[in-house]
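# Commentary on secondary and tertiary structure
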Amino acid sequence: MKKMFSFIPPLSLILSAFLLTMSFAASPSTIMMKPYRGKLPLSIITIIICSFAFLALLYTERLSFLSSNSILKSKSCARRGAVVKAKDKTAEENIENPEIDDRFEFDPEECNIANGKWAFNRSIKPLYTDRSCPYIDRQFSCVKNGRLDTDYRHWEWQPEDCNLPRFNPELALKKLQGKRLLFAGDSLQRNQWESFVCMVEWMIPPEKKSMKRGKVHSVFKAKEYNATIEFYWAPFLVESNTDINVLETKKRVIKVDSVAKRVKHWAGADILAFNTYVWWMSGLRVKALWGSFKNGEEGYVELDTPVAYKVGLKTWANWIDSTINPNKTRVFFTTMSPIHTRSEDWGKEDGLKCFNETKPVKKKKFWGSGSDKKMMSVVAGVIKKMKVPVAVLNVTQLSEYRIDAHSSIYTETGGRLLNDEEKADPGRHADCIHWCLPGVPDTWNQIFLAHL
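These notes cover the structure that comes with them. All values reported here derive from a predicted model rather than from experimental measurement.

Check the secondary structure of the protein chain and you find 15 helices and 19 strands. For the protein chain, buried positions account for 45% of its 452 residues. Restricting the contact set of the protein chain to residue pairs at least 6 apart, pairs at least 24 apart contribute 76%. A total accessible area of about 25200 Å² is found for the protein chain, and carbon and sulfur atoms account for 55% of it.

Turning our eyes to something else, we now look at the sheet that holds strand S12 (residues 285-289). Sheet strands pair via backbone hydrogen bonds, and the direction of the pair is either parallel or antiparallel. Across the sheet, which stays open at both edges, the 4 strands sit in the order S9-S10-S12-S13 with mixed pairing between neighbours. Edge positions in the sheet fall to strand S9 (239-240) and strand S13 (301-304), since each of these pairs with one other strand and no more. Here 2 bridges tie S9 to strand S10 (residues 254-255), and the two strands are oriented antiparallel to one another. Along S10, the bridge assignment pairs Ser 240 with Ile 254. Against the sheet, helix H10 (residues 305-323) touches S12 and S13, its axis set at about 100 degrees to S13.

What follows is about the packing of aromatic side chains. Describing an aromatic ring pair means giving the distance of the ring centres and the angle of the ring planes. Under the counting rule described, the total for this entry stands at 20 aromatic pairs. Where Tyr 135 meets Phe 220, the ring centres are 5.7 Å apart and the plane angle is 65 degrees; that geometry is what we call edge-to-face. Residue Tyr 135 is located in the loop between strand S2 (116-120) and strand S3 (155-159), and its partner Phe 220 is located in strand S7 (residues 217-222); the two are separated by 85 residues in the primary sequence. We classify Tyr 135 as buried; its relative accessible area is 14%. A ring pair is formed by Phe 236 and Trp 279, whose centres lie 5.7 Å apart and whose planes are at 85 degrees; its orientation type is edge-to-face. Taken together, the residues Phe 236 in the loop between strand S8 (227-233) and S9 and Trp 279 in the loop between strand S11 (271-274) and S12 connect sequence positions 43 residues apart.

Moving on: empty space enclosed by the protein. With the rule as written, the count across this model stands at 2 cavities of 30 Å³ or more. Taken as a whole, the largest cavity holds about 90 Å³ of empty space. Along the walls of the largest cavity sit 15 residues, with Thr 276, Tyr 277, Thr 335, Met 336 and Ser 337 positioned nearest its centre. Elements with a contribution of two residues or more to the lining of the largest cavity: strand S14 (330-334) and helix H11 (373-384). Top element by residues in the lining of the largest cavity is H11. It accounts for 3 residues. Split by residue class, the lining of the largest cavity holds 9 nonpolar, 5 polar and 1 charged. In this model, the second largest cavity occupies a volume close to 30 Å³. In terms of lining, the second largest cavity is formed by Leu 188, Gln 189, Gln 192, Asn 275, Thr 334, Thr 335, Ser 337, Val 395 and Trp 444. Examining the composition of the lining of the second largest cavity, we find that 3 residues originate from one element, helix H8 (residues 187-201), more than from any other. Of the residues assigned to the lining of the second largest cavity, the class counts are 3 nonpolar, 6 polar and no charged.

On to helix H15 (residues 440-451). Here H15 contains 12 residues, and its C-alpha end-to-end distance of 17 Å stays within 8% of the 16 Å for a straight helix at 1.5 Å per residue. For H15, the tally of buried residues reaches 11 of 12 residues, placing the bulk of the element in the interior.

It is worth spelling out the nonpolar core at this point. Residues Phe 196, Ile 229, Trp 266, Phe 274, Trp 316, Phe 333 and Phe 448 are the most contacted members of the largest nonpolar core, which totals 107 residues. Beyond its immediate chain neighbours, meaning those up to four positions away, Trp 266 contacts Arg 180, Leu 182, Ala 184, Tyr 232, Ala 234, Leu 237, Leu 272, Phe 274, Trp 316 and Trp 319.

The N-to-C vectors of H10 and H11 enclose an angle of 30 degrees; their axes lie 10 Å apart at closest approach. Classed by the angle they form, the pair H10 and H11 counts as roughly parallel. For the pair H10 and H11, the sense of crossing is right-handed. For the pair H10 and H11, contact is made by Thr 305, Pro 306, Tyr 309, Lys 310, Leu 313, Lys 314, Trp 316 and Ala 317 and by Met 375, Val 378, Val 379, Val 382 and Ile 383, respectively. A breakdown of the residues in the contact of H10 with H11 according to their chemical character gives 10 nonpolar, 1 polar and 2 charged.

This next bit is on the state of the cysteines. Considering all chains together, one arrives at 4 disulfides under this definition. Note that Cys 111 is cross-linked by a disulfide to Cys 162, the S-S spacing being 2.0 Å. An S-S torsion of about -55 degrees defines the bridge between Cys 111 and Cys 162 as left-handed. Residue Cys 111 is found in the loop between strand S1 (104-105) and S2, and its partner Cys 162 is found in strand S4 (residues 162-163); the two are separated by 51 residues along the sequence. Of the two residues, Cys 111 and Cys 162, both sit in the buried class. Across the disulfide from Cys 354 sits Cys 432; the S-S distance is 2.1 Å. For the disulfide bridge between Cys 354 and Cys 432, the dihedral angle about the S-S bond is near -90 degrees, and by the sign convention the bridge is left-handed. Here Cys 432 lies in strand S19 (residues 431-435) and Cys 354 lies in the loop between S14 and H11, a separation of 78 residues in the sequence. Neither residue differs from the other here; Cys 354 and Cys 432 are each classed as buried.

The rules behind these values
- Residues numbered from 1 in each chain as written.
- Predicted model: local features only at pLDDT ≥ 70, side-chain atom pairs only at ≥ 80, totals over all residues.
- Heavy atoms only, no water.
- Helix = DSSP H or I, 4+ residues; strand = E, 2+ residues; numbered from the N terminus.
- Buried < 20%, exposed > 50% of the residue type's maximum accessible area, 1.4 Å probe, protein only.
- Contact = heavy atoms within 4.5 Å.
- Areas by Shrake-Rupley, 256 points an atom, 1.4 Å probe, with all protein chains shown as cover.
- Pairing = 2+ DSSP bridges.
- Axes fitted to C-alpha atoms, helices over the stretch in contact; angles between N-to-C directions.
- Phe/Tyr/Trp six-rings, centres within 6.5 Å; stacked < 30°, edge-to-face > 60°.
- 1 Å grid on protein atoms, 1.4 Å probe; cavity = no way out; pocket = protein on both sides within 12 Å on 5 of 7 lines; lining within 4 Å.
- Points joined across faces, edges and corners; volume = space filled by probe spheres on them.
- Nonpolar A, V, L, I, M, F, W, Y, C, P; charged D, E, K, R; others polar.
- Expected span 1.5 Å × (residues − 1).
- Core = buried A, V, L, I, M, F, W, Y, C linked by side-chain atoms within 4.5 Å.
- Parallel < 35°, antiparallel > 145°, perpendicular 65-115°, else oblique.
- Left-handed = near helix turned anticlockwise from the far one by under 90°.
- Disulfide = S-S within 2.5 Å.

Written out as structure tokens, the structure is:
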């Protein structure tokens, strides 16, 4: 391009060429003679006309090159193999920016949400804090309980092959208009429920919302939207003798064949979101009971944990298939939330569980010892055989990386905050199961709303 441009002569050079042409057109004898008063010879006229045409053509070409965008714009040439149509601004911009985001819009059928990375973005601010939302348990109120670092709030999950839309509280409330959303499960499900409530409640005036907390069943009402966001405590989903009054592990008996006492609270919900995992992980075997608790612990059998888990999930699945109308009710299941109690899993031999961790694990496909793949495959197997469609919120892999976002020592135990002595012993007292709010469960709800 530079060579072509330098070939085009300036106007002064063109005029000089013209005068030179004219001088050659006239013979020496003609120059020495007096001015010719008659008609010019045909050959001289032809030379003059051709000279003018040639010079006009050169000048026109010069102007067209000067007005060309390809010269005046100081843009680099396209990458090798790139084809750009003229006047195609979009293609031109893409060539200038090598970091092209070619991910497609979120589609739960197409997007593998488990494949991705956590990207730090200081500009990302949570929709609430543990001081602004009055519905967060002290167990999850890390900053309020003394945590000083807040970087864990500014990580964004970015799937590899799709764009995960941001959580839109206004959209969420519109989706819930006139509906019941019920979360049922263990304390991790309560973690997610409180996150969801806090992500939408700040948009509702105080007089148009209410919260009724119960030991088993809690209900948040958005009166203006005629909607409820509820939580039902059912750590095994099926019944057990330790639901209300928590017993030590060796005394727990799980009634793996019944959800009868629970379903009257679940029935009628428009959206059901379930989970169960961590309470099953108390040992390699659990005590399972068929029939009634009236005979105390008599009649139970000990089963390998994955076996008992499968039996319990089948009981839950049978109720869903026999009762739920998929045209009226949508059903979701949240996969297991990772437990980060072994710092050796992420290469920190001298670590104290998740204590003092401030960044996610960077190793791709990291999988710690606190997530049992056998149990996860049980969930997949049971749901696959169900008649009623169940949307699986696969949060396990993305949560595996977040060793930095647990409650750790900024939590409570036995209804009170950890004292200084307990905080000084994170090996015994750090909570590496539950999550700070705001935090990772907000991302779970981001995925949940994208499914809705």
